[in-house]
Amino acid sequence: MGFTSTAVAGTPILDITFEQAGPADGVPVILLHGFPYDVRSYDEVVAPLVAQGARVLAPYLRGFGPTTFRDPATPRSGQQAALGQDLVDFMDVLGIESAVLAGYDWGGRAACITAALLPERVRGLVTVEGYNIQNIAAANEPTLPEWESMLWYQYYFHSERGRRGLEQHREELCSLLWRTWSPTWTDAGEAFAASASSVHNPDFVDVVIHSYRHRFGLADGDPRYQRIEELLAEQPPITVPTVMVESGSDGLLGPGPAGDRDHFTGPYEHLILEDVGHNPPQEAPDRFAAAVLSLL
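Residues numbered from 1 in each chain as written. Predicted model: local features only at pLDDT ≥ 70, side-chain atom pairs only at ≥ 80, totals over all residues. Heavy atoms only, no water.

Caption draft 1: How the structure looks around the environment of Gly251. With respect to the helices, strands and loops of the structure, Gly251 is situated in the loop between strand S8 (242-247) and strand S9 (268-273). For the pair Gly251 and Thr184, spaced 67 residues apart in sequence, the C-alpha to C-alpha distance is 9.0 Å. Other than its neighbours up to four places away in sequence, Gly251 contacts Met150, Thr180, Trp181 and Pro183. (Helix = DSSP H or I, 4+ residues; strand = E, 2+ residues; numbered from the N terminus. Contact = heavy atoms within 4.5 Å.)

Below, the structure written as structure tokens:
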């Protein structure tokens with residue numbers, strides 16, 4: 001059994017489409033996907049959570065799938081503060097006072113931001129590759145050349161050639177990222193087909209390009225999120241119970257940096273998935289579900 005229904009949460013900025021399963025009075029668990037993925041990452045994670053009485057919700061992030069902006073004039077921001085605020089708005093509209101949050105990549109960033117700034121709203125956190133809050137002030141400090149080469153797509157998106165490339169070849173580009181970021185996942189290309197429609201959201205290109213330019217200081221943020229960005233610039237600690245999932249075969253920068261541990265000051269577990277790439281919930285759903293269940 002996977003998700004059983006689809007609904008829309010009308011927040012101040014977005015109409016967020018989400019999939020759900022489980023009892024309405026169960027402990028809320030919000031599952032957050034990354035770029036360039038969608039909620040299909042969690043199809044096989046749902047059943048074990050629902051079996052333990054959880055209410056499971058998986059929203060499509062801004063710019064993905066059927067989630068839409070309510071006002072054509074709203075900047076199509078992809079900055080980290082926007083992702084974090086979207087998650088809080090989603091919880092507010094649905095009347096969710098607190099939830100277990102689990103995510104990777106962009107979704108892990110939204111979860112970490114909420115856990116850091118509003119710990120009273122987070123029962124527990126599952127974060128892939130550690131502390132996902134960007135340190136924008138240090139974004140232009142180079143790392144090892146081997147790692148820099150893996151970030152080619154980010155530098156590509158800094159150019160207008162990259163914007164047009166994403167616009168014209170979005171499925172080919174995103175499928176390539178799926179396959180190279182999960183080198184041990186032999187079904188990555190086939191699995192991408194089930195999520196391909198999500199990259200055809202009319203705001204996908206604008207949101208993605210802004211995300212990868214803003215994090216390097218190459219694009220201004222939406223002023224409505226400035227206060228949140230200021231708080232994130234202080235690299236706030238995460239105090240809630242956390243399971244850090246480390247992907248041992250991640251084709252994007254490899255395992256999470258050990259230095260992330262200092263950002264977590266509450267109960268903490270480090271789970272290593274040696275044979276798993278960038279998308280743990282879809283590559284190892286049973287083990288990912290167990291990490292979430294440990295926080296219920």
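Let us keep going from here.
Caption draft 2: Molecular detail of the environment of Val128. Along the polypeptide, Val128 turns up in strand S7 (residues 122-128). The sequence separation of Val128 and Gly108 amounts to 20 residues, and the corresponding C-alpha distance is 6.5 Å. The contacts of Val128, once residues within four sequence positions are left out, are Gly103, Tyr104, Val245, Ser247, Pro280 and Phe288.

Caption draft 3: Spatial organisation of the packing of aromatic side chains. The full count for this structure, using the stated rule, is 25 aromatic pairs. Between Phe64 and Phe204, the aromatic rings sit 5.3 Å apart at their centres with planes inclined by 85 degrees, giving edge-to-face as the arrangement. Of this pair, Phe64 sits in the loop between strand S4 (54-59) and strand S5 (68-69) while Phe204 sits in helix H9 (residues 204-214); the two residues are 140 residues apart in sequence, bridging distant segments of the chain. Phe204 matches Phe64 in its accessibility class, with the two residues each being buried. Members of the aromatic cluster, connected to one another through ring pairs, are Phe35, Phe64, Trp106, Trp152, Tyr153, Tyr156, Phe157, Trp181, Phe204 and Tyr212. Seen from the ring of Tyr268, Arg261 lies directly overhead, with NZ or CZ sitting 3.9 Å from the centre. (Phe/Tyr/Trp six-rings, centres within 6.5 Å; stacked < 30°, edge-to-face > 60°. Buried < 20%, exposed > 50% of the residue type's maximum accessible area, 1.4 Å probe, protein only. Lys NZ or Arg CZ within 6 Å of the ring centre and 35° of its normal.)

Caption draft 4: Local environment of the pairing of S7. Summarising burial for S7: six of the seven residues are buried, a large majority. Pairing geometry for strand S6 (residues 99-103) and S7, over five bridges, is parallel. Paired with Gly103 across the bridge in S7 is Thr127. For the crossover from S6 across helix H3 (residues 105-117) to S7, the handedness is right-handed. The pairing of S7 with S8 spans four bridges and is classified as parallel. Paired with Val128 across the bridge in S8 is Val245. (Pairing = 2+ DSSP bridges. Right-handed = clockwise from strand over helix to strand, strands pointing away.)

Caption draft 5: Structural detail: the nonpolar core. Ile30 and Phe35 are the most contacted members of the largest nonpolar core, which has 90 residues in total. The element contributing the most residues to this core is H3, with seven residues. What Ile30 contacts, discounting residues up to four positions off in sequence, is Leu57, Pro59, Leu87, Phe90, Met91, Ile96, Ala99, Val100, Leu101 and Ala102. (Core = buried A, V, L, I, M, F, W, Y, C linked by side-chain atoms within 4.5 Å.)

Caption draft 6: Structural view of the pattern of salt bridges. The tally for this structure, following the rule as stated, stands at 13 salt bridges. Between Glu160 and Arg163 there is a salt bridge, with its nearest N and O atoms 3.6 Å apart. Of the two residues, Glu160 and Arg163 are both situated in helix H6 (residues 160-168); the distance of three residues between them amounts to about one turn of the helix. Two residues, Arg224 and Asp222, come together in a salt bridge whose shortest N-O distance is 2.8 Å. For Arg224, a relative accessible area of 46% corresponds to the partly exposed category. The class for Asp222 is buried, based on a relative accessible area of 6%. (Salt bridge = Lys/Arg side-chain N within 4 Å of Asp/Glu carboxyl O.)

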